[in-house]
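Architecture at a glance
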Amino acid sequence: NAGVTQTPKFQVLKTGQSMTLQCAQDMNHNSMYWYRQDPGMGLRLIYYSASEGTTDKGEVPNGYNVSRLNKREFSLRLESAAPSQTSVYFCASSGGLPHNQPQHFGDGTRLSIL
Amino acid sequence: RKEVEQDPGPFNVPEGATVAFNCTYSNSASQSFFWYRQDCRKEPKLLMSVYSSGNEDGRFTAQLNRASQYISLLIRDSKLSDSATYLCVVSADRGSTLGRLYFGRGTQLTVWP
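The structure reproduced in this document is the subject of the present report. (Residues numbered from 1 in each chain as written. Chains lettered and ligands numbered in written order. Predicted model: local features only at pLDDT ≥ 70, side-chain atom pairs only at ≥ 80, totals over all residues. Heavy atoms only, no water.)

1. Digging into the overall build of chain A
Across its full length, chain A holds zero helices and 11 strands. For chain A, the sequential pattern of α-helices and β-strands runs β-β-β-β-β-β-β-β-β-β-β. Computed over its C-alpha atoms, the radius of gyration of chain A comes to 13 Å, within 12% of the 13 Å expected for a compact globule of 114 residues. In terms of overall dimensions, chain A has a C-alpha envelope of 40 × 30 × 25 Å along the principal axes. Sequence separation of 24 or more characterises 55% of the internal contacts of chain A that already satisfy a separation of 6 or more. About 5,200 Å² of surface is accessible on chain A, with carbon and sulfur atoms providing 49% of the total. Across chain A, the mean location of the 10 positive side-chain charges is 5 Å away from that of the 8 negative side-chain charges. (Helix = DSSP H or I, 4+ residues; strand = E, 2+ residues; numbered from the N terminus. Rg over C-alpha atoms; globule rule 2.2 N^0.38 Å. Contact = heavy atoms within 4.5 Å. Areas by Shrake-Rupley, 256 points an atom, 1.4 Å probe, with all protein chains shown as cover. Lys, Arg positive; Asp, Glu negative; His and termini not counted. Charge placed at Lys NZ, Arg CZ, Asp CG, Glu CD.)

The structure is reproduced here in structure tokens:
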């Protein structure tokens, strides 16, 4: 089982460039999430989608946009990359409400912005 | 106040030792609780859910104290492979944050031979 698949795994960008991080899950989960993880900061929620057709801001949404393309796919876009967005990005999915089920993570995208 | 607070450690213990991690949470309405482990430069993985009555999975025991808003994880007979960061995770169960989970910053464990 693939679970949660993220692409790309690594990316280097120049300041001001744009890119889209892709995430797909094959577990028929309703909810999907994007996090970033920086040293000493723990996981911080960027955006999430509780169900297909809805998206909501998390703790650190500035500089990002998301699209819930269908039930399987949830993409994260950086319109104009900044060095402060250098981080490891994790996508996750869960069965969602009403039981607040655990989240399953992809193996991450390591993004460096020069 | 942070939603989830954990002692960051590090905890350095010899093989075979028993070690306990604690975590406190601020939202009394939270209904779901989990422990995750995260290896260096890897994704977080679910270790176990935490139930009100306490639960055990092999060498791992999790307990919940709702009155004190406190969660614990006990690891018995530590193995080298237990070396990782352990994340305490609590659900958000009110208003606009329904469906979210809050992650602690993690407690780092190193088991030495």
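2. Side note on the pattern of salt bridges
Following the criterion strictly, the structure yields eight salt bridges over all chains and no others. A salt bridge links Arg44 of chain A to Asp38 of chain A, with the nearest nitrogen and oxygen atoms 2.8 Å apart. Across the salt bridge formed by Asp39 of chain B and Arg37 of chain B, the nearest N and O atoms sit 2.6 Å from each other. Residue Asp39 of chain B is classed as partly exposed on the basis of its relative accessible area, which comes to 29%. For Arg37 of chain B, a relative accessible area of 17% corresponds to the buried category. Here the residues in one salt-bridge network are Arg36, Asp38 and Arg44 of chain A, joined through shared partners. (Salt bridge = Lys/Arg side-chain N within 4 Å of Asp/Glu carboxyl O. Buried < 20%, exposed > 50% of the residue type's maximum accessible area, 1.4 Å probe, protein only.)

3. Thoughts on the side chain of Gln25 of chain A
Residue and element names in this part refer to chain A. Along the polypeptide, Gln25 turns up in strand S3 (residues 19-25). Only 3.2 Å separates the side chain of Gln25 from the backbone nitrogen of Asn28, close enough to count as a polar contact. Those residues in contact with Gln25 that sit more than four places away from it in its chain are Gly3, Val4, Met32, Arg68, Lys71, Arg72 and Ser93. (Polar contact = N/O pair within 3.5 Å; in protein donor to acceptor, adjacent residues only side chain to side chain.)

4. Digging into the packing of aromatic side chains
Counting across every chain of the model gives 12 aromatic pairs over all chains. Summarising the aromatic geometry, the rings of Phe105 of chain A and Phe103 of chain B are spaced 5.7 Å apart at their centres and angled 80° between planes, so their arrangement reads as edge-to-face. Here Phe105 of chain A, found in strand S10 (residues 104-105), pairs with Phe103 of chain B, found in strand S10 (residues 101-103), and the two come from separate chains. For Phe105 of chain A, a relative accessible area of 9% gives the class buried. (Phe/Tyr/Trp six-rings, centres within 6.5 Å; stacked < 30°, edge-to-face > 60°.)

5. Describing the nonpolar core
Residue and element names in this part refer to chain B. With 26 residues, the main nonpolar core has Phe21, Trp35, Ile71, Leu73, Ile75, Tyr86 and Leu109 as its most contacted residues. For this core, the elements supplying multiple residues, two or more each, are strand S3 (19-25), strand S4 (33-38), strand S5 (45-50), strand S7 (60-65), strand S8 (70-75), strand S9 (84-91) and strand S11 (107-112). Residue contacts for Ile71: discarding those within four places in its chain leaves Phe21, Asn22, Cys23, Tyr25, Phe33, Trp35, Val50, Gln63, Leu64, Cys88 and Val90. (Core = buried A, V, L, I, M, F, W, Y, C linked by side-chain atoms within 4.5 Å.)

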